[in-house]
Amino acid sequence: MTEDRDGSGGPRFVYLRDNESAVSWTATGAPAHTPMDAWECRIGLGYQINRASLHGIETEWLTFVPPNDEPGEFWRITVRNLSDRTRRISVFPYLEMHLTGGSTLMDFIAVLGGRYEPDSRAVFGINACVKFPPRFKAFLASDSEVAGATVSRDEFLGRYRDYRNPIAVERGDVHNPEAGTEWLGASLRHELELAPGEERTLHCLIGVVESVEEGKEMIRRLLAPGMPGKLLREVYAEAEADAARFSVRSPDVQFDRWLNVWLKHQLRFVGRWGRVIGRGFRDVLQDTFGHRLLDPALARSCLIEVFAKQFPDGRCIRAWRLPINVLDLQHYADSPSWMIMALSLYLKETADFEVLDERVPFLDAENPYAEATSDATVWEHVVLAQRHLLAHRGAHELSKIYYGDWCDTMNGVGKAGRGESVMLSMQVKWGCDQLAELARRRGDESLADEMEQASARLAKAINAEAWDGEWYVRAFDDEGVPVGSDRPPESDNGEGRIFLNAQSWAVISGVAPAERAVSALDAALRHLDTGYGMVLNWPAFTGLKPRIGQMTAMTPGFYENGSVYVHGNCFWIQALAMAGRAEECWRAFRAILPDTDNKPNADTEPFSVPNYYIGPNVDRRKQRNLYLSGWRTGSAAWLYQIGIEWILGARAEYDGLRIDPHLPEGFVPVTFTRTFRGATYEITIEGASGDGARLASITLDGQPVEGTLLPVPRPGDRHRVNVRLER
C-alpha cells in the first residue's frame with residue numbers, strides 16, 4: 001500500500017505541532033533530520049518502537065501487525081508532556097496510499113479517489129480499476145477524536161513542498177475530506193492539551209479491504225477499547241513460543257542472538273509476508289528447511305501448496321504471484337529437485353509419514369490456469385519429479401538446464417535445449433540418495449535400487465566430465481563448452497573461471513572423492529573469499545556473454561555476477577561443516593552476518609540477513625555497501641538449519657537425533673534446548689573444540705549412549721544430554 005522510495009522513512013510519518021509556537025517536527029526526526037534531545041529506535045519481534053523527545057515533548061510511536069489473517073497494521077502513538085507548563089499539541093499520523101497494483105504507465109491515477117468518513121474517524125483510499133483485484137481499497141483510522149483530515153497528498157504537502165515542511169502541519173487547520181484523480185495522502189489531525197507530566201495515547205489502524213463497508217466493520221472490531229493491546233500481547237506470545245522451541249547459550253553472544261532471536265524472526269516474516277505476493281517454487285520449499293524446526297505445521301502446508309504446482313509429466317513451474325495467480329511457466333530445470341530435499345528433511349524432523357498419502361492436484365498440462373483434473377499422492381509427486389529429472393540429461397549424461405537452474409539469470413546456457421548444469425546434476429544425485437533412503441523405509445526395494453543406480457551414474461558422469469583439474473566446472477553450454485573452467489574460451493575474456501556453487505554441492509551431494517573435495521574447497525577459498533563472504537564467481541563478468549546468459553550483463557559485483565550472494569554462501573557453509581572443517585565453517589558463518597564488523601560502510605539492517613553484499617571489485621562499495629531483499633531470501637532457513645544441525649550438531653534423522661557437532665575453537669561449553677518430535681532435549685557439549693575434535697562420550701539422562709544417535713523419544717518427555725569431545 002505504501003512504499004519508501006528513497007530511504008527517508010516515508011511516506012509514513014507522525015508529525016507534531018506546538019500550537020503556541022507553531023514549531024513542528026516528527027516523531028522520528030525524519031525526513032528533516034531535526035536534532036533531537038533524545039532518540040531511540042527499538043526493533044522488537046513483530047513490532048518497532050520509535051521514541052524521541054524535543055521541545056519538552058516525548059513521543060513514542062509503536063507499530064505492529066497482528067499475527068492473524070486481518071489485513072491491518074496498528075500504530076500506537078503516545079505523547080508525554082515533559083515540561084512544567086500546559087502544552088497544546090497537534091498530532092498528525094500521515095501515510096500515502098499508492099494502490100498502484102502495477103505499472104504506473106497505465107494511467108491508473110484516473111481511477112484513484114478517496115474520502116474522509118467521520119463516523120469511523122477514517123480516511124479511505126479507493127482504486128476503482130476493474131483490472132485490479134477487488135481488495136484495492138485502504139484506510140487510515142483512529143480511535144480518538146479527529147479535528148481534521150486530508151485525503152489528497154497535494155493538499156497535505158502543499159504546492160512546491162515536500163515531507164519536510166507540509167502546509168497542513170504548518171497551518172494546523174487544513175481539512176480536505178475528498179480527493180479524486182490524484183495521489184492520496186491520508187492524515188488525521190488530533191488536538192491534545194497536556195498538563196505537566198500528562199500523557200495521551202491514541203491508536204491508528206491501517207487496513208486493506210474490498211469495500212468501505214468492510215473497512216468500517218474492521219475498524220469497529222479492531223479499534224474497540226482494549227483490542228489493540230490484546231493483539232499486541234498476541235505478538236509477544238508468538239515470539240515467546242518461538243523462543244521456547246529452541247534456545248542456545250554459547251561463548252559467542254552474536255551466534256546466540258541470531259539462533260535465538262533474529263533468524264526465527266526472519267523465518268516468521270518470510271513465512272507470513274516475504275512470499276505473500278511472489279511465491280517461488282524452490283524458494284518456498286527451501287523456507288521449509290527452517291519452518292520444520294520452528295513451525296512444522298507451516299512446513300507441511302508449504303509442501304502441499306508447492307507440490308500442487310507440478311505438471312503430470314513431472315515438470316514444475318518457477319513461481320506464481322498472488323492474489324491473481326499469475327504463473328511463471330519458464331522451464332527452470334531445478335524446480336523438481338527441491339521436492340525430495342524438502343520432503344525428506346520434513347519427515348526426518350516430524351515422522352509425519354501420513355503426509356505421503358495425501359492427494360495433491362497437478363496443474364493442467366493444456367491450460368495451467370484451468371481447474372485441476374488429475375492428482376496424485378505426495379509420494380507419487382516426488383517420485384515423478386525425480387524420474388523427470390533423470391530423464392532430462394544431455395550429451396555429458398548431466399542434467400539439462402533449459403531456461404535456468406538455481407541461478408535464474410544463467411539463461412543462455414541451455415537456450416537451445418542442450419546445455420547442462422553441473423550444480424543441478426549434483427543436486428539430482430543427492431536427491432536420488434534421499435529418495436532411495438526413503439523408498440527402503442517404505443519397503444520399495446525396486447525404487448531404492450533404481451535411485452541408487454541413478455545416483456552412481458550421475459556421480460561417475462560428473463567426475464568424468466566436469467572435473468577441471470582443481471575444481472568442478474559450473475555448466476556446459478549448448479555447444480558443450482564448459483562454464484567455470486580455468487581454461488575459458490577466448491570470447492569469455494578470462495572471466496568466470498570458477499563458480500562457488502559447484503564446489504559446495506560437490507561436497508553436499510557426496511559427488512567429490514576425498515582428494516577432489518579438498519582441492520575444490522581450497523580452490524574456492526583461494527579465488528572467491530573476500531573476507532566478508534565468498535563471491536559466486538571469479539573473475540566477475542564485464543559484459544554480456546550470450547552463451548551464459550543475463551548474469552554476465554549485470555553490473556560486476558551485483559546480483560549473481562560476482563557478488564557475495566548469501567544464499568550461495570549458505571551452501572558453502574554447510575559444505576565446510578560436512579567436510580569436517582569446523583574453523584572455516586564458523587568463519588564463513590560469521591562472515592556473512594550483517595552485524596559482523598567486516599563490511600565497510602554496510603548499508604544493511606543488522607538484524608536481517610540480506611540477499612547479497614556487493615562484490616569487492618566495485619568502487620562504490622567503499623562508500624556504501626548496498627544489499628538487496630533482506631526479508632525475502634531463503635538464506636534465513638539455511639542458516640537456522642546449519643546452526644542447529646551442523647554447527648551445534650543436533651540433526652534429525654529417521655531413527656532419532658544425531659549428535660554430530662562442528663564447533664570452532666573455544667566454543668565450549670555450549671548448552672542448548674532442542675525440541676524433536678514433541679520431546680525436549682537439554683544438551684550440553686564440553687571438552688575439546690575446533691578442527692580435530694571428536695566425540696568421546698554421550699550420556700542420555702545419565703546413561704551412556706552407544707554411537708551418536710539418540711533414539712526416537714516419546715512426545716512430552718524431557719531429556720538431559722551430555723556430550724564430551726576430545727582430541
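Residues numbered from 1 in each chain as written. Predicted model: local features only at pLDDT ≥ 70, side-chain atom pairs only at ≥ 80, totals over all residues. Heavy atoms only, no water.

(A) Representation of the pairing of strand β10 (residues 137–142). The buried fraction of β10 is high, at 6 of 6 residues. Here 6 bridges tie β10 to strand β14 (residues 199–209), and the two strands are oriented antiparallel to one another. When the sheet's bridge partners are listed, Lys137 is paired in β14 with Val209. (Buried < 20%, exposed > 50% of the residue type's maximum accessible area, 1.4 Å probe, protein only. Helix = DSSP H or I, 4+ residues; strand = E, 2+ residues; numbered from the N terminus. Pairing = 2+ DSSP bridges.)

(B) Representation of the sheet that holds strand β32 (residues 694–700) in the model. Taking strand neighbours across the sheet as the criterion, the 6 strands line up as β15-β30-β31-β35-β32-β33 in an open arrangement whose pairing is mixed. Bordering the open sheet on either side are β15 (246–249) and β33 (703–704), each of which pairs with just one other strand. Relative to strand β35 (residues 718–726), β32 runs antiparallel, the two sharing 6 bridges. Bridge pairing links Leu700 to Val721 in β35.

(C) Structural context of the environment of Glu182. With respect to the helices and strands, Glu182 occurs in the loop between β12 (178–180) and β13 (184–194). Through-space distance from the C-alpha of Glu182 to that of Val111 is 8.8 Å; in sequence the pair is 71 residues apart. Not counting residues up to four positions away in its chain, the partners in contact with Glu182 are Ile109, Leu112, Ser152 and Asp154. One polar contact links Glu182 to Ser152, side chain to side chain, over a distance of 2.7 Å. A polar side-chain atom of Glu182 sits 3.1 Å from the main-chain amide nitrogen of Gly180. (Contact = heavy atoms within 4.5 Å. Polar contact = N/O pair within 3.5 Å; in protein donor to acceptor, adjacent residues only side chain to side chain.)

(D) Local environment of the pattern of salt bridges. Taken as a whole, this structure holds 64 salt bridges when the rule is applied. Across the salt bridge formed by Asp717 and Arg714, the nearest N and O atoms sit 3.0 Å from each other. Look at Asp717 and you get buried, because its relative accessible area is 18%. (Salt bridge = Lys/Arg side-chain N within 4 Å of Asp/Glu carboxyl O.)

(E) Geometry of the nonpolar core. By size, the foremost hydrophobic cluster in this structure holds 159 residues, and its most contacted members are Leu343, Tyr472, Trp505, Phe589 and Ile683. Examining the composition of this core, we find that 11 residues originate from one element, helix α10 (residues 422–441), more than from any other. Setting aside residues no more than four positions away along its own chain, Leu343 makes contact with Leu303, Phe307, Val355, Leu356, Val378, Val382 and Leu438. By size, the runner-up hydrophobic cluster in this structure holds 35 residues, among which are Met36, Val91, Val123 and Leu202. (Core = buried A, V, L, I, M, F, W, Y, C linked by side-chain atoms within 4.5 Å.)

(F) Just the packing of aromatic side chains, in detail. A complete count under the given rule lists 36 aromatic pairs for this structure. Judged by centre distance (5.2 Å) and plane angle (90 degrees), the rings of Tyr332 and Tyr403 are edge-to-face. Of this pair, Tyr332 sits in the loop between β18 (326–328) and α8 (337–350) while Tyr403 sits in the loop between α9 (378–391) and β21 (420–421), placing them 71 residues apart in sequence. An aromatic cluster of three or more residues is present, and its members are Phe289, Trp338, Trp406, Trp430, Trp505, Phe558, Tyr559, Tyr565, Phe571, Tyr612 and Trp638. Positioned above the aromatic ring of Trp320 is the side chain of Lys309, whose terminal nitrogen or guanidinium carbon lies 4.7 Å from the ring centre. Seen from the ring of Trp646, Arg651 lies directly overhead, with NZ or CZ sitting 3.9 Å from the centre. (Phe/Tyr/Trp six-rings, centres within 6.5 Å; stacked < 30°, edge-to-face > 60°. Lys NZ or Arg CZ within 6 Å of the ring centre and 35° of its normal.)

(G) Molecular detail of helix α4 (residues 227–245). Over its 19 residues, α4 runs 28 Å from end to end, which matches the ideal 27 Å to within 8%, given 1.5 Å per residue. Of the residues making up α4, those classed as buried are Pro228, Leu231, Leu232, Val235, Ala239 and Asp242. Buried residues of α4 fall within an arc of 105 degrees about the axis and therefore sit on the same side. Along α4, the residues that are exposed and aim more than 90 degrees away from the buried face are Arg233, Glu240 and Ala244. (Expected span 1.5 Å × (residues − 1). Arc of directions from axis to C-beta.)

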